[in-house]
Amino acid sequence: MRIFNHTYQDIISLENLLEAWQEFIRGKKNKKDVQEFGRNLMQNIISLHSDLKNKTYRHGEYKSFKINDPKARDIHKSSVRDRLLHHAIYRILYPYFDKEFIYDSYSCRLEKGTHKAIEKFKHFFGKVSKNNTKACWILKCDIKKFFANIDHELLLEILVSNIEDENVTRLLGEVIGSFNTKDREDVGLPLGNLTSQLLVNIYMNEFDQFVKNILHEKYYIRYADDFVFMSDDKIYLEQLIPKISDFLENNLKLSLHPDKLFIKTLTSGVDFLGWVHFPKHRVVRTSTKKRMFRNVVAKKGKEETVQSYLGLLKYGNTERLKRIILEK
């Protein structure tokens, strides 16, 4: 077993905090709160370092707001000071934990992402279906209220089993404990934190290892709380559901979303990661198309918005859709 050989000092050092600042401000230099923090940058960083060194640091409160992405989501934003610390923690923890993750976990990882995930989806389909010469069944699952149901105690137990430095785990406990799902104690992670992206992957890695090492599933892909299994045997996938459901509930206190669980073939189209997949092509889901059109019109055809969508559309069969966007 690999050992996490970094210390608390590696996280809180002035060097790490300054490098974290440079990463944090990318794309944020025009934000008012970032500019205010930056006016007295060294004083603010030295103050944060001092609080961390003296173990008097306490995470601040969050500002909440809603976004539509495409469904309504509650985002919780922490102060610049706290977000800088999140980046400092992430810089040290990510390289270690990323090596512990399975290959086919694609969310919030370097050189991964949705495009790599959907290409692997296509590759696995080709393998299972023997190049579309036999049936390939797909079990599609989703976790109910994923971020809102992450259990703090279980998450900390996983972290302690990997990290020996008690000061590091105490600091992680401070960050994790800074947020609770409404009306629930010691449960939930905020969508707005950089650390949350890493922590949910660490949490779900327990499930990934169960799938690969206990169930020995070869054709499995996970992106955050969205995951699929493939097989040429529909009954086998049906029998898999209670096994994965039991593990999630008993080991991680999570549950499958009953309305987002199905087994079907690609012939009827499988919705996965924003695309509807078919045996020989994929198309953008209807809700995504409508959102694209709204945004292009709202931004009055702004070049960067159009190019962003054209970049997304190159991953599917979307020539007609590209023309419509360019016309708008």
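Up top you'll find the structure we're talking about.
Residues numbered from 1 in each chain as written. Predicted model: local features only at pLDDT ≥ 70, side-chain atom pairs only at ≥ 80, totals over all residues. Heavy atoms only, no water.

Regarding the pairing of strand 5 (residues 226-231)
Line of reasoning, step 1. Of all the six residues making up strand 5, six are buried; the element is thus mostly covered by neighbouring parts of the structure.
Line of reasoning, step 2. Of the two faces of strand 5, both are covered, the one formed by Asp 226, Val 228 and Met 230 as well as the one formed by Phe 227, Phe 229 and Ser 231.
Line of reasoning, step 3. Note: strand 3 (residues 137-142) against strand 5, six bridges, orientation antiparallel. By the bridge assignment for strand 5, Trp 137 is matched with Ser 231.
Line of reasoning, step 4. As paired elements, strand 4 (residues 220-223) and strand 5 share four bridges and run antiparallel to each other. (Buried < 20%, exposed > 50% of the residue type's maximum accessible area, 1.4 Å probe, protein only. Helix = DSSP H or I, 4+ residues; strand = E, 2+ residues; numbered from the N terminus. Pairing = 2+ DSSP bridges.)

Some thoughts on helix 8 (residues 166-176)
Counting along an α-helix, one turn takes 3.6 residues, and residues three or four places apart therefore face a common direction.
Line of reasoning, step 1. For helix 8, the complete set of buried residues consists of Val 168, Thr 169, Leu 171, Leu 172, Val 175 and Ile 176. Looking straight down helix 8, one finds that the buried residues subtend no more than 160° of arc, so they occupy a single side.
Line of reasoning, step 2. The residue sitting at the N-terminus of helix 8 and contributing the capping side-chain oxygen is Asp 165; that oxygen lies 2.9 Å from the backbone nitrogen of Asn 167. (Arc of directions from axis to C-beta. Polar contact = N/O pair within 3.5 Å; in protein donor to acceptor, adjacent residues only side chain to side chain.)

So, helix 6 (residues 114-128)
Line of reasoning, step 1. With 15 residues, helix 6 extends 21 Å between its outermost C-alpha atoms, agreeing within 8% with the 21 Å of an ideal straight helix rising 1.5 Å per residue.
Line of reasoning, step 2. Turning to helix 6, its buried residues are Ala 117, Ile 118, Lys 120, Phe 121, Phe 124, Phe 125, Gly 126 and Val 128.
Line of reasoning, step 3. Of the residues trailing helix 6, Lys 130 is marked for its positive phi of about 50°. (Expected span 1.5 Å × (residues − 1).)

Examining the packing of helix 7 (residues 152-162) against helix 8
Line of reasoning, step 1. The N-to-C vectors of helix 7 and helix 8 enclose an angle of 155°; their axes lie 10 Å apart at closest approach. When the axis of helix 7 is compared with that of helix 8, the two are roughly antiparallel. Note that helix 7 runs across helix 8; the crossing there is right-handed. Together, His 152, Leu 155, Leu 156, Leu 159 and Val 160 of helix 7 and Thr 169, Leu 172, Gly 173 and Ile 176 of helix 8 make up the contact between the two elements.
Line of reasoning, step 2. Its residues assigned to classes, the contact of helix 7 with helix 8 shows six nonpolar, three polar and no charged. (Axes fitted to C-alpha atoms, helices over the stretch in contact; angles between N-to-C directions. Parallel < 35°, antiparallel > 145°, perpendicular 65-115°, else oblique. Left-handed = near helix turned anticlockwise from the far one by under 90°. Contact = heavy atoms within 4.5 Å. Nonpolar A, V, L, I, M, F, W, Y, C, P; charged D, E, K, R; others polar.)

A few points about the sheet that holds strand 9 (residues 282-284)
Line of reasoning, step 1. In spatial order, the strands read 7-8-9; together these three strands make up an open sheet with antiparallel pairing. The sheet is open, and its two edges are formed by strand 7 (270-272) and strand 9, each paired on a single side. Put simply, the sheet's adjacent strands are angled 30° from each other on average, direction ignored.
Line of reasoning, step 2. By the bridge criterion, three bridges tie strand 7 to strand 8 (residues 275-277) in an arrangement that is antiparallel. When the bridges of strand 8 are listed, Asp 271 appears paired with Val 276.

Some words on the pattern of salt bridges
Line of reasoning, step 1. Summed over the entire model, instances satisfying the criterion amount to 13 salt bridges.
Line of reasoning, step 2. Here Glu 23 makes a salt bridge to Arg 91, at a shortest N to O gap of 3.0 Å. Taken together, the positions of Glu 23 in helix 2 (residues 14-24) and Arg 91 in helix 5 (residues 80-98) put the pair 68 residues apart, joining distant regions of the chain.
Line of reasoning, step 3. The exposure class assigned to Arg 91 is partly exposed, which follows from its relative accessible area of 25%. (Salt bridge = Lys/Arg side-chain N within 4 Å of Asp/Glu carboxyl O.)

Considering the nonpolar core
Line of reasoning, step 1. Core analysis: the largest hydrophobic core is formed by 70 residues, its most contacted members being Trp 21, Leu 93, Phe 207, Phe 227, Phe 229 and Ile 244.
Line of reasoning, step 2. Per-element accounting of this core gives the leading share, eleven residues, to helix 5.
Line of reasoning, step 3. Excluding residues within four positions of it along the chain, Leu 93 makes contact with Phe 4, Ile 11, Ile 163, Leu 172 and Leu 198.
Line of reasoning, step 4. Formed by 19 residues, the second largest nonpolar core is a distinct cluster that contains Phe 124, Ile 138, Tyr 219 and Val 228. (Core = buried A, V, L, I, M, F, W, Y, C linked by side-chain atoms within 4.5 Å.)

A short note on the side chain of His 49
Line of reasoning, step 1. The topology assignment puts His 49 in helix 4 (residues 41-53).
Line of reasoning, step 2. At a separation of 2.7 Å, a polar atom in the side chain of His 49 contacts the main-chain carbonyl oxygen of Ile 12.
Line of reasoning, step 3. The residues touching His 49, leaving out its near neighbours within four places in the chain, are Gln 9, Ile 12, Ser 13, Leu 14 and Leu 17.

Quick look at unusual backbone geometry
Line of reasoning, step 1. Phi is positive for Asn 131, which is not a glycine, with a value near 60°.
Line of reasoning, step 2. Inspection of the secondary structure assignment puts Asn 131 in the loop between helix 6 and strand 3.
Line of reasoning, step 3. In this structure Asn 131 comes out as exposed when scored by relative accessible area, which is 66%.
Line of reasoning, step 4. The backbone of Asp 186 shows a phi angle near 60°, a positive value even though the residue is not glycine.

Observations concerning the environment of Lys 63
Line of reasoning, step 1. With respect to the element layout, Lys 63 can be found in strand 1 (residues 63-68).
Line of reasoning, step 2. Judged by relative accessible area, Lys 63 falls into the exposed class, the value being 65%.
Line of reasoning, step 3. When the C-alpha positions of Lys 63 and Gly 192 are compared, they lie 9.9 Å apart, and in sequence the two are 129 residues distant.
Line of reasoning, step 4. With near-sequence residues (within four places) excluded, Lys 63 lies in contact with Ile 75, His 76 and Lys 77.

Function cannot be inferred from these measures alone, as they are strictly geometric.
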